[in-house]
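These are the residues of each chain, in order.
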Protein chains: 2
Amino acid sequence: MGSLTEENYIKSIYALSQATGEVFVSELARKLEVKLPTVNSMIKKLASKKIVAYAPYQGIKLTEKGKREALGIIRKHRLAELFLVKVMGLGWEEVHDIAEQLEHVNSTRFYARIDELLNYPGFDPHGEPIPDSNGKMQLQKRTSLSDLDEGEAATITAVANDEKTFLDHLNAKSLQIGDRISILKKELFDGSITLQLKSKKEVMLTHQVAERILVDTLNSK
Amino acid sequence: MGSLTEENYIKSIYALSQATGEVFVSELARKLEVKLPTVNSMIKKLASKKIVAYAPYQGIKLTEKGKREALGIIRKHRLAELFLVKVMGLGWEEVHDIAEQLEHVNSTRFYARIDELLNYPGFDPHGEPIPDSNGKMQLQKRTSLSDLDEGEAATITAVANDEKTFLDHLNAKSLQIGDRISILKKELFDGSITLQLKSKKEVMLTHQVAERILVDTLNSK
DNA sequence: ATATAATGTTAGACTAATCTAATAAATTAA
DNA sequence: TTAATTTATTAGATTAGTCTAACATTATAT
Ligand SMILES: [Mn+2]
Ligand SMILES: [Mn+2]
Ligand SMILES: [Mn+2]
Ligand SMILES: [Mn+2]
């Protein structure tokens, strides 16, 4: 087990690499809100621990060991979030910050029990897959709501952002995971979208918001 | 809020001061398993933050501010322990180490919710009083089982030690908080004690163990 | 009352994690 | 293909928390 700081680097490298595969020192510095030389020296340390592969001026890549560590932390984060919602009755908009702390708790027993109480869940409150204890997670299509065309229908499966301000916004528009929606209108000018909910209510979303909502277009009725 | 390290110093100072009022640098060093100069410099820092009062070669005393901080941490520790037992179904012998980590979680919401789910409990799974959000806790008599005489009866109200090995020992002897017991025999030679449980079963305890069991002698029928 | 033991302090060094300033390499644009 | 820009590295400093070695103070025991 590394330090809390190391864990946060590993988690961020994993998150950034999901898109591209490789991560640059500058990206990581931006994400972690530290300066470049700070990241540079931490990366050297993680490289010496065989958690990342790194050669100067090349990108950073997690090793298998690094990936395993990352998935372990992500597993704890997501289990914690679901536990906070399902067992403790907190809102999906307020659990991320607490999970940022709980993900560093070192106790197999604690997390095994959470997993058990939740009946080995596959997804967190934001629709993100929860890695199992071997790091395997269920696949999911991640189509952005902003990529749908007028007339199309879909089910909200996840959100690409855990921040309170974003989720408060969705709460205000009464959008939740699992909701069936259809696209009434898509503005060419600014990409904003008008949806119809199952309740027949109409909601307008800016492109910024829509692109962070992930949907499944299978008519899973 | 101080750092995790500072919080651990504050908690230990509080614990040690419960008996004596004043705490010596050496005691604290022993408890925290660090060397004297380490404590010396940390104490200077805590003094500059007005968390302790300290003059060289005198004892360390928590200020009001320090006491408030200490009680806040103890509150979180004990709420966490009870939550782990009552809501998560863990054993009283395995919760202390997890609570050592959870006590540093910084989230009013998390702890308010635990408090609420447990219905504002007064005591933790080891019988220790839980400070309320103002730092007030219920008084309790703390008579040690080793101070009772032959023939006396009492109810186990608390244990003076949270460690797994000790609690595993009590589990093996089937002793629990709330159990009514009576003293059958007290050996003068080594202070060991033989008890009778309500189930009529007899158990022998060494002095070492008996002195860590706290009882209430009121014949609370 | 002095020696011995126990306890506490100071000085100086180390590691982890951070920073700023200076420099170097790689990329992009003119 | 040189210049400008972006990106990364090195050097050196800082803070938190720890250590060892040397010294100082206080308490205790002849
Ligand atoms: Mn999250
Ligand atoms: Mn999430
Ligand atoms: Mn405890
Ligand atoms: Mn306890």
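Scroll up to find the structure this text is about.
Notes on the structure in this doc start here. For every chain, the first residue of the written sequence is number 1, and numbering continues from 1 onward in sequence order. Chains carry letters and ligands carry numbers; both start at the beginning, A for chains and 1 for ligands, and go up in the order they are written. Only residues with pLDDT of 70 or above have their local features reported here, since the model is predicted, and side-chain atom pairs are shown and tallied only from 80 upward, although totals for entire chains, interfaces and linings are computed over all residues. With hydrogens and water excluded, all non-hydrogen atoms of the structure serve as input to the side-chain values.

1. Quick look at the pattern of salt bridges
Residue and element names in this part refer to chain B.
Part 1 of the reasoning: Any Lys or Arg side-chain nitrogen located within 4 Å of an Asp or Glu carboxyl oxygen qualifies as a salt bridge. Using the criterion set out here, one finds 28 salt bridges over all chains in the structure.
Part 2 of the reasoning: A salt bridge links Lys-11 to Glu-103, with the nearest nitrogen and oxygen atoms 2.8 Å apart. Here Glu-103 lies in the loop between helix H5 (96–102) and helix H6 (108–117) and Lys-11 lies in helix H1 (residues 4–20), a separation of 92 residues in the sequence. Accessibility classification places Lys-11 together with Glu-103 in one group, the buried group.
Part 3 of the reasoning: The partner of Lys-185 in a salt bridge is Glu-150, and the shortest N-O contact between them spans 3.7 Å. Of this pair, Lys-185 sits in strand S5 (residues 180–186) while Glu-150 sits in the loop between strand S3 (143–144) and strand S4 (153–159), and the two are 35 residues apart along the sequence.
Part 4 of the reasoning: The rule is simple: take the accessible area with a 1.4 Å probe, protein chains only, and divide by the maximum for that residue type; under 20% is buried, over 50% is exposed, in between is partly exposed. Residue classification places Lys-185 among the partly exposed residues on the basis of a relative accessible area of 39%.
Part 5 of the reasoning: You can call Glu-150 partly exposed: its relative accessible area is 43%. A run of H or I in DSSP counts as a helix once it spans at least four residues, and a run of E counts as a strand once it spans at least two, with each numbered from the N terminus.

2. Some remarks on the sheet that holds strand S3 (residues 143–144) of chain A
Residue and element names in this part refer to chain A.
Part 1 of the reasoning: Two strands qualify as a pair provided DSSP detects at least 2 bridges between them. On the basis of which strands lie adjacent, the open sheet formed by six strands has the order S3-S8-S4-S5-S6-S7 and antiparallel pairing. Both edges of this open sheet fall to S3 and strand S7 (202–205), since each of them pairs with a single strand only.
Part 2 of the reasoning: With three bridges joining them, strand S4 (residues 153–159) and strand S5 (residues 180–186) adopt antiparallel strand pairing. Its bridge partner lying in S5, Ala-154 is registered against Ile-181.

3. As for the pairing of S4(A)
On a regular strand, one side chain projects to one face of the sheet and the next to the other, so that they alternate.
Residues and elements named next belong to chain A.
Part 1 of the reasoning: Within S4, five of the seven residues are buried, which leaves the element mostly enclosed by the surrounding structure.
Part 2 of the reasoning: Pairing geometry for S4 and strand S8 (residues 213–216), over four bridges, is antiparallel. Counted as the bridge partner of Thr-155 is Asp-216 from S8.

4. Considering the coordination of the manganese ion (ligand 2)
Residue and element names in this part refer to chain A.
Part 1 of the reasoning: Within the protein, the manganese ion (ligand 2) binds to Glu-81 (OE), Asp-124 (OD) and His-126 (ND1); these donor distances fall in the range 2.1 to 2.3 Å.
Part 2 of the reasoning: Each metal's donors are the N, O and S atoms within 2.8 Å of it, or within 3.2 Å when it is Na, K or Ca, and because water is not part of the set, sites may look incomplete. Mapped onto the sequence, the donors of the manganese ion (ligand 2) take the spacing E-x42-D-x1-H.
Part 3 of the reasoning: Separating the manganese ion (ligand 2) from the manganese ion (ligand 1) is a gap of 3.5 Å, which Glu-81 spans by donating to each of them. The pair formed by Asp-124 and His-126 is uniform in burial state, with each residue classed as buried.

5. Let's talk about the sheet that holds S4(B)
Part 1 of the reasoning: Taking strand neighbours across the sheet as the criterion, the six strands line up as S3-S8-S4-S5-S6-S7 (chain B) in an open arrangement whose pairing is antiparallel. In this open sheet, the two edge strands, each paired with only one partner strand, are S3 and strand S7 (202–205) of chain B.

6. Looking at the protein's contact with DNA strand D
Part 1 of the reasoning: Around DNA strand D sit 21 residues in total, of which Ser26(A), Asn40(A), Ser3(B), Thr38(B) and Lys45(B) are the nearest.
Part 2 of the reasoning: Near-protein atoms of DNA strand D (within 4 Å) split between backbone and bases, with sugar and phosphate holding 79%.
Part 3 of the reasoning: Under the rule applied, a polar contact is a pair of N or O atoms within 3.5 Å (in protein, one hydrogen donor and one hydrogen acceptor; residues adjacent in sequence only if both atoms are side-chain atoms). Here Tyr54(A) contributes a side-chain N or O atom positioned 2.6 Å from a phosphate oxygen of DNA strand D.
Part 4 of the reasoning: Note that a phosphate oxygen of DNA strand D is positioned 3.2 Å from one of the side-chain N or O atoms of Tyr9(B).
Part 5 of the reasoning: The leading source of residues in the surface near DNA strand D is helix H3 (residues 36–48) of chain B, at five residues. Whether a residue is near a molecule or strand is decided by its heavy atoms; if any one of them lies within 4 Å of it, the residue is near.

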